[in-house]
Amino acid sequence: MTTPRITLNDGHTIPQLGFGVWQVPPPEAERVVAEALQVGYRHIDTAQMYQNESGVGRAVAASGLPRADVFITTKVNNNAHRPTDAAASIQRSLEELATDYIDLLLIHWPLPTQYDGDFVSTWEALVAARDAGQARSIGVSNFQPAHLEALHRTGVTPAVNQIEVHPRFSNNGPRAANAAQGTVTEVWSPLGQGSVLTDPVITAIAERLGRTSAQVIIRWHLQRGDVVFPKTVTRSRMVENADVLDFQLTPEDLQAIDGMNKGEEGRIGPNPDQFDWIP
Ligand SMILES: NC(=O)C1=CN([C@@H]2O[C@H](COP(=O)(O)OP(=O)(O)OC[C@H]3O[C@@H](n4cnc5c(N)ncnc54)[C@H](OP(=O)(O)O)[C@@H]3O)[C@@H](O)[C@H]2O)C=CC1
Ligand SMILES: O=C(O)C(=O)[C@@H](O)[C@H](O)C(=O)CO
């Protein structure tokens, strides 16, 4: 599968379609990621929080693929926001992932009600990691527009902002704020964790096109220009979710799916302005 690549604001490129591993149990991660690589995925989205980085690392190493052919993202955990903790956690991630560099390193959550609201010093730790060659690109996750603005004074603009987006929660405000400053939007829970697959708007389009609901939703994300990495532990679904590069949704289809947006009511995950969980 030849996935389109998007050029980031630092000149590196990222495969637009990838594979997410939240809730892939650590003992299963190596098998699941190995299968995803066999199917053709070349972009894996993990996090320190998921506790499955070592399985990802083992699968990449055992795949026989050149390291440069696989794009690996990980995220600094909520318990490592202080710069020295962030630096130690990044070193641990490199060891768990058995790699010399991380393709894309993110702050997982801004935690504006923790650490005196100081995620800027955490960002500076990521800038230092990039400058030291530990990460090729750096970005953030779950940053609201006001959080992005707070980073402006560092002079380094995040390459990506990974946020919740699916048909019932278009999250267009943060998407527009990302675009305005040249930050690529990555979408999490792109299938609404499976909850939007049976929506009649989606199933009607899928039936007309002879495609599955998951394929229709993944196309919607791709045609909106976002980076998307659905998760599945099921090999047949890995194949299905990757088989989305040879058809197009019409402008009317895109508009119909846009119409499913329920705003805040459609949010599944925590609100980043309030989320304060430190493991
Ligand atoms: N930055 C952040 O804060 C967050 C980041 N993420 C990232 O985004 C990724 C994707 O989001 P995630 O929350 O996992 O949810 P998704 O929207 O990708 O949905 C995953 C669920 O959908 C099911 N599924 C996948 N493909 C199909 C299919 N073709 N047909 C039917 N069901 C399907 C999976 O089942 P099964 O596995 O049983 O096959 C699983 O239950 C995560 O894995 C993670 O990498 C996610 C949440 C927060
Ligand atoms: O999956 C992630 O990346 C997350 O951050 C989520 O698990 C998040 O912590 C959450 O949904 C908590 O309920």
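The chain goes by Putative oxidoreductase in an unreviewed UniProt entry, where it is assigned to Nocardioides baekrokdamisoli.

1. Thoughts on the pattern of salt bridges
Under the definition given, this model contains 13 salt bridges. The salt bridge involving Arg-31 is made with Glu-28; its shortest N-O contact spans 2.8 Å. Residue Arg-31 and its partner Glu-28 are located together in helix 1 (residues 26–39), separated by three residues, close to a single helical turn. Judged by relative accessible area, Glu-28 falls into the partly exposed class, the value being 31%. Note that Arg-267 and Glu-264 form a salt bridge whose closest N and O atoms lie 2.9 Å from each other. What makes Arg-267 buried here is its relative accessible area of 14%. Glu-264 sits in the partly exposed class, given a relative accessible area of 49%. Residues joined in a network through salt bridges with shared partners are Glu-28, Arg-31 and Glu-35.

2. Some remarks on the site of ligand 2
Contacts to ligand 2 come from Trp-22, Met-49, Tyr-50, His-108, Trp-109, Pro-270 and Phe-275. Trp-22 places a polar side-chain atom, nitrogen or oxygen, 3.2 Å from an oxygen atom of ligand 2. One of the side-chain nitrogen or oxygen atoms of His-108 is found 2.6 Å away from an oxygen atom of ligand 2.

3. Here's the deal with helix 1
With 14 residues, helix 1 should reach 20 Å at 1.5 Å per residue; the first-to-last C-alpha distance of 20 Å fits that figure. Every buried residue of helix 1 is accounted for by Ala-29, Val-32, Val-33, Glu-35, Ala-36, Leu-37 and Val-39. Where helix 1 is buried, its residues contact strand 3 (19–20), strand 4 (43–45), helix 2 (53–63) and helix 9 (235–242). Just past helix 1, the residue Gly-40 takes up positive phi, approximately 130°.

4. Some remarks on the nonpolar core
Counting 49 residues, the largest nonpolar core has Phe-19, Val-21, Ile-44, Leu-105, Trp-123, Leu-126 and Ile-138 as its most contacted members. Filtering out sequence-adjacent residues up to four positions away, Ile-138 remains in contact with Leu-104, Leu-105, Trp-123, Leu-126, Val-127, Arg-130, Val-156, Pro-158, Ala-159 and Val-160. In this structure, Ile-163, Ile-202, Leu-222 and Met-260 belong to the second largest nonpolar core, which totals 22 residues.

5. Quick look at the site of ligand 1
Every one of the 29 residues lining ligand 1 counts as a neighbour, but Asp-45, Ser-189, Leu-191, Thr-232 and Thr-234 are closest to it. Interatomic distance of 3.5 Å between a backbone N/O atom of Gly-192 and an oxygen atom of ligand 1. At 2.9 Å from an oxygen atom of ligand 1 is found a main-chain nitrogen or oxygen belonging to Val-233. Protein chains bury 88% of the 910 Å² of accessible surface belonging to ligand 1 in isolation.

6. Observations regarding the UniProt feature "site: Lowers pKa of active site Tyr" (unreviewed entry) in the chain
In this structure's numbering, the residues bearing the UniProt feature "site: Lowers pKa of active site Tyr" (unreviewed entry) are Lys-75. Here Lys-75 shows up in strand 5 (residues 71–76). Those residues in contact with Lys-75 that lie beyond four places of it in its chain are Asp-45, Thr-46, Ala-47, Gln-48, Tyr-50, Leu-106, His-108 and Gln-162. Within polar-contact distance, the side chain of Lys-75 engages the backbone oxygen of Thr-46 at 3.0 Å.

7. Remarks on the pairing of strand 6 (residues 102–107)
With six of six residues buried, strand 6 is to be regarded as a mostly interior element. Across four bridges, strand 5 lies against strand 6 in parallel orientation. Residue pairing in the sheet places Lys-75 in a bridge with Leu-106 of strand 6. In this structure, strand 6 lies alongside strand 7 (residues 135–141), joined through five bridges in parallel fashion. What sits directly across from Leu-105, in strand 7, is Ile-138. The parallel pair strand 6 and strand 7 is bridged by helix 4 (residues 120–131), and the resulting crossover is right-handed.

8. Focus: the UniProt feature "binding site: substrate" (unreviewed entry) in the chain
If you check UniProt for "binding site: substrate" (unreviewed entry), the listed places come out as His-108 in our numbering. Structurally, His-108 is set in the loop between strand 6 and helix 4. Residue classification places His-108 among the buried positions, given a relative accessible area of 6%. The contact partners of His-108, leaving out residues within four places of it in the chain, are Ala-47, Met-49, Tyr-50, Lys-75, Val-76, Asn-78, Ser-141 and Asn-142.

9. Describing unusual backbone geometry
The residue Gln-23 is not glycine, and still its phi comes out positive at about 70°. Following the sequence through the fold, Gln-23 ends up in the loop between strand 3 and helix 1. The class for Gln-23 is exposed, based on a relative accessible area of 53%. Here the phi dihedral of Asp-116 falls at roughly 55°; this positive angle occurs in a residue that is not glycine. Following the sequence through the fold, Asp-116 ends up in the loop between strand 6 and helix 4.

Here is what the cut-offs are and how they apply
- Residues numbered from 1 in each chain as written.
- Chains lettered and ligands numbered in written order.
- Predicted model: local features only at pLDDT ≥ 70, side-chain atom pairs only at ≥ 80, totals over all residues.
- Heavy atoms only, no water.
- Salt bridge = Lys/Arg side-chain N within 4 Å of Asp/Glu carboxyl O.
- Helix = DSSP H or I, 4+ residues; strand = E, 2+ residues; numbered from the N terminus.
- Buried < 20%, exposed > 50% of the residue type's maximum accessible area, 1.4 Å probe, protein only.
- Near = heavy atom within 4 Å.
- Polar contact = N/O pair within 3.5 Å; in protein donor to acceptor, adjacent residues only side chain to side chain.
- Expected span 1.5 Å × (residues − 1).
- Contact = heavy atoms within 4.5 Å.
- Core = buried A, V, L, I, M, F, W, Y, C linked by side-chain atoms within 4.5 Å.
- Areas by Shrake-Rupley, 256 points an atom, 1.4 Å probe, with all protein chains shown as cover.
- UniProt positions renumbered as here; feature names shortened; annotations may be inferred.
- Pairing = 2+ DSSP bridges.
- Right-handed = clockwise from strand over helix to strand, strands pointing away.

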